[in-house]
Amino acid sequence: MLRAIYPGSFDPVTYGHLDIIRRSCKIVDELVVGVLNNNAKMPLFSVEERVKMLEEATKDLTNVRIVPFHGLLIDFARQMDAFVIIRGLRAITDFEYELQIAQSNRKVAPEIDTVFLTTSIEYAYLSSSIVKEYARYGVDVTQFVPIEVVDRIKEKYNRAF
C-alpha cells in the first residue's frame, strides 16, 4: 500500500489545498493530510477546527485521512508508515524553499521521498494568508474557500461578506 503525507497548516484550508488533495489521492492508496500544530505561529483556527474543516471538505474522498501532528514532518511520516511526502508548488519561490526542505529531509530520512505537484493554474495565486488578509478587511472570500470555511471565517472576524 502506497501511503503519502500532505502536510500543512491549512489555516484555513483553501481551494488550492483541496486541488492538491484531490489530485494526490488519485495517485496513492491512502493520503494522510497532516495538520501541523505549530506552537511558533498564532493560527486563526485551532488545530481541532482545522482538522474538522478538512474532514468536512474531503468527506467524499474515501482514501483521505486527516491527522493532526506536531514536531518534525519526517517523524510524523515514519509514525504514519508513509514513505512519500506531497508538496504543492505555486511559484518558483515555493520551489526554492520546498527543495531545500525536501533535500534536508532526504538527508535525515533517506527512506522518505518528496513529490512536488504544481498547483492548478486557477489557484496559483492563492494562499491562506491572502484569504485571511481579505477576510480581515471584509472582502468576500467565497471564491477562495469552501462555504463551510467562509462561515467559520465570518465568525472569527465578526463580519458579514
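Scroll up for the structure.
What you see is a predicted model; the values in this text were computed from it and never measured.

About the criteria used
Residues numbered from 1 in each chain as written. Predicted model: local features only at pLDDT ≥ 70, side-chain atom pairs only at ≥ 80, totals over all residues. Heavy atoms only, no water. Helix = DSSP H or I, 4+ residues; strand = E, 2+ residues; numbered from the N terminus. Buried < 20%, exposed > 50% of the residue type's maximum accessible area, 1.4 Å probe, protein only. Polar contact = N/O pair within 3.5 Å; in protein donor to acceptor, adjacent residues only side chain to side chain.

## Some points on the side chain of serine 128
Working step 1: Mapped onto the secondary structure, serine 128 falls in helix H5 (residues 128-136).
Working step 2: Residue classification places serine 128 among the buried residues on the basis of a relative accessible area of 13%.
Working step 3: Within polar-contact distance, the side chain of serine 128 engages the backbone oxygen of proline 12 at 2.6 Å.

## A few points about unusual backbone geometry
Working step 1: A cis amide bond links aspartate 11 to the next residue, proline 12, at an omega of 0°.
Working step 2: With respect to the helices and strands, the residue proline 12 is situated in the loop between strand E1 (3-8) and helix H1 (15-24).
Working step 3: The backbone of phenylalanine 10 sits at a positive phi, close to 50°, despite the residue not being glycine.
Working step 4: Assignment of secondary structure puts phenylalanine 10 in the loop between E1 and H1.
Working step 5: Residue phenylalanine 10 is classed as buried on the basis of its relative accessible area of 3%.
Working step 6: Positive phi is not limited to glycine here, since aspartate 81 has a value of about 60°.
Working step 7: Relative to the helices and strands, aspartate 81 resides in the loop between helix H3 (73-79) and strand E4 (84-89).

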